[in-house]
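Analysis of the macromolecular model
The lines below spell out each chain.
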Amino acid sequence: MSARPATAAAAVSSPAVQSAAVESADPCCAAPLPVLGRDVTVPLVTGGEVTYAALDYAASAPALQRVWDDVAAYAPYYGSVHRGAGYLSQLSTDLFENSRTTVAEFLDCRPGDQIVFTRSTTDSLNLLAQTLPADCQVFVFETEHHASLLPWRDARVTYLNAPRTPEQAVETLERALADRDPYGPALVCVTGASNVTGELWPVRELAAAAHAHGARIVLDAAQLAPHHPVSVRELDVDWIAFSGHKLYAPFGSGVLAGRADWLQEAEPYLAGGGASKKVARRSDGGVDVEWHTTAARHEAGSPNVIGVYSIASACKALTEAGFDALVERERHLIAKVREGLAGVPAVRVLSLFGDDAPRVGVISFVVDGWNSSHFAAALSAEYGIGVRDGLFCAHPLVRTLLGSDPQDPGECGAPEAEPGERSLNAIRVSFGAGTPDEHVDRFVRAVRELVADGAKWQYRTEAGRCVPAV
């Protein structure tokens, strides 16, 4: 199997990513990477069509063309994994396990770390929650996405107030860990980059604080990994979780990577084929099961081979493109958006750590006199710009940033408020490696025009969403 599987695996060397460096609108920055949908046009309510500006990367990033090409090249060779004697099954198994190696290299994992493939970041953190030892206490800031705020239902959870500086975050965690009673096993869960403000969190310092107090730490890297290199070794985190669909991969797969001991000692996340190493009937009619101690222990069932391969392809594409160039280009776009919004007095950008805090391409804001859903709907219908409005599955954080009571009613998505009424929600613009300058320029121009002149169309609320009136 050493030579023939390269037939499909060779797609990983697709030249698609190389075309990213052809031309750039700004000579100081690399060109955006080619993504699916970059030439899609959408109709405007005011007439005509325009190329769609996808500025909702924080929800799901468009798939890299390179990833799509790799998956298309592999598709004819698709076969079951780990269970087949035929060539396609063996090839698919090699591709699946090689993808595990690729992800480990992308994350700079330590020897002995396990790479478990899941459905998403949410799935990864729920899996980890099922492996916690008895009496484990979990510490999580209220600023987390619900994927990392909510999975710890069977543990004692301490929710920490939103810090206003990175230093305060570390101090808050240190105090909470020092005061815990009893002094037993503990886990800290923290984001790498906020899905609301884009601000980078002091992960290395938080990991040091956790370990100094005998706790472990898991990093939610859903918003960090697509924008910055992530090293398990350098950050010294025990686990890391992220999703493929935010990493420019098109399918429903995720990753949980890190220490093996809790994973090996826990009951399988799902019971079934693949997780079981040996199953035998007992004389009393029952069943004895010996579970795998490898990552397969938590990968029961037929795995999403194409989704896993797409993650590996995205990891390779980003590595080959070079994070230095990607980060520099994103800083260029962030500066454009922030400078543009700063020139509109009615706009208030939401932030925990302040204007100078390092961040990724995720920016949330509110507009005086506008319902957030109404504003987002007008951006879409009148300018062909896709953003997100609502609470971004981070309700406590958005409530804190808006200065409202954390218990105020609200939900992800549009509020019940009518167009023109104030809403307890925000607007989020997010972008990344595939975003051209024109999309950001159009967004800034649209914000200025909407604030200055108002919407050109009438809107109404339908099924909880603000939509153009027909």
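Residues numbered from 1 in each chain as written. Predicted model: local features only at pLDDT ≥ 70, side-chain atom pairs only at ≥ 80, totals over all residues. Heavy atoms only, no water.

**Describing unusual backbone geometry**
Each neighbour pair has its own omega, and for aspartate 181 with proline 182 the value is 0°, a cis peptide bond. Along the chain, the position of proline 182 falls in the loop between helix H6 (166-178) and strand E7 (186-191). Backbone geometry at aspartate 135 places phi at a positive 65°, although glycine is not the residue there. Secondary-structure assignment places aspartate 135 in the loop between helix H4 (121-130) and strand E5 (137-141). Classification of aspartate 135 as exposed rests on a relative accessible area of 58%. At cysteine 393, a residue that is not glycine, the phi angle is positive and equals roughly 50°. For cysteine 393, the location among the structural elements is in the loop between strand E16 (388-390) and helix H13 (395-402). Taking the relative accessible area as the measure of exposure, cysteine 393 reaches 29% and is therefore partly exposed. (Helix = DSSP H or I, 4+ residues; strand = E, 2+ residues; numbered from the N terminus. Buried < 20%, exposed > 50% of the residue type's maximum accessible area, 1.4 Å probe, protein only.)

**Examining the environment of phenylalanine 141**
Mapping phenylalanine 141 onto the fold places it in strand E5. Here phenylalanine 141 falls in the buried class, since its relative accessible area comes to 1%. Along the primary structure phenylalanine 141 and tyrosine 159 are separated by 18 residues, whereas in three dimensions their C-alpha atoms are 5.5 Å apart. Leaving out residues up to four positions away in the same chain, phenylalanine 141 has contacts with Leu149, Leu160, Asn161, Pro163, Ala169, Thr172, Leu173, Cys189, Trp201 and Leu206. (Contact = heavy atoms within 4.5 Å.)

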